[in-house]
Amino acid sequence: MPTPRLASRADGASSSGADPLMTGVWMELCPACDARRSAARAFIQWHRDADRDPTALPQLFGGWEAETMHAHGWARAPQLEAPPSPPAHLSLAPRGQG
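Residues numbered from 1 in each chain as written. Predicted model: local features only at pLDDT ≥ 70, side-chain atom pairs only at ≥ 80, totals over all residues. Heavy atoms only, no water.

Chemist: Mind showing me how you'd approach the confidence of the model for the protein chain here?
Modeler: Keep in mind that low pLDDT regions are not for reading the predicted coordinates in detail. Residues with a pLDDT of 70 or more make up 72% of the protein chain, whose mean pLDDT is 79. Element-level pLDDT for the protein chain is lowest in strand β1 (residues 5–6), with a mean of 58, against a maximum mean of 91 in helix α1 (residues 38–48). (pLDDT = per-residue confidence, 0-100. Helix = DSSP H or I, 4+ residues; strand = E, 2+ residues; numbered from the N terminus.)

Take a look at the structure:
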């Protein structure tokens, strides 16, 4: 297990972090610094809970990431729906039994 980094914002408090691709922003999660931020606080509480639900991790991480990146002036782009596929060409349809 890696040694916890020291938070750059706190005096000696340990933190963990991530660097979203191509942003140049190091996201730190520090219990001393981030207790007032709602998504970060929820992520910290989840991490400290011995009976935590692992299926909640993607949503908690995504909320913390969005909250942190928003503080740096970034915003998530809306996710567009894929256009519907055209119908299959008749030559690709399976033939019946005969």
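Chemist: Can you help me understand helix α2 (residues 57–71) in this one?
Modeler: For the α-helix, the turn length of 3.6 residues means that residues three or four positions removed from each other point alike. Over its 15 residues, α2 extends 21 Å from the first C-alpha to the last, a length consistent with the 21 Å expected when each residue adds 1.5 Å. Along α2, the positions that sit buried rather than exposed are Leu-60, Gly-62, Trp-64, Glu-65, Thr-68 and Met-69. Gly-73, located one to two residues past α2, shows a positive phi value of around 90°. (Expected span 1.5 Å × (residues − 1). Buried < 20%, exposed > 50% of the residue type's maximum accessible area, 1.4 Å probe, protein only.)

Chemist: Please explain the pattern of salt bridges as it appears in this structure.
Modeler: Here the idea is simple: oppositely charged side chains can pair when their charged atoms come close. Overall, the coordinates contain 3 salt bridges when judged by the stated rule. The salt bridge involving Glu-67 is made with Arg-37; its shortest N-O contact spans 3.3 Å. Highlighted residues: Glu-67 in helix α2 and Arg-37 in the loop between β3 (27–29) and α1, separated in sequence by 30 residues. Here Arg-76 ties to Glu-65 by a salt bridge, and the two come within 3.1 Å at their closest N and O atoms. A residue pair is termed long-range when its members are at least 10 positions apart, and Arg-76 in the segment after α2 and Glu-65 in helix α2 qualify at 11 residues. On the basis of relative accessibility, which here comes to 19%, the residue Glu-65 falls in the buried class. Each of Asp-34, Arg-37 and Glu-67 takes part in a single network of salt bridges with overlapping partners. (Salt bridge = Lys/Arg side-chain N within 4 Å of Asp/Glu carboxyl O.)

Chemist: Honestly, the nonpolar core in this entry has me stumped. Any pointers?
Modeler: One recurring pattern in soluble globular proteins is that nonpolar side chains are buried together. Ranked by size, the top nonpolar core spans 10 residues in total: Val-25, Met-27, Leu-29, Ala-40, Phe-43, Ile-44, Trp-46, Leu-60, Trp-64 and Met-69. Secondary structure elements with two or more residues in this core: β3, α1 and α2. Looking at this core element by element, the count peaks at 4 residues for α1. Once you skip the residues sitting within four places of it in the chain, Phe-43 turns out to touch Leu-29, Leu-57, Leu-60, Phe-61 and Trp-64. (Core = buried A, V, L, I, M, F, W, Y, C linked by side-chain atoms within 4.5 Å. Contact = heavy atoms within 4.5 Å.)

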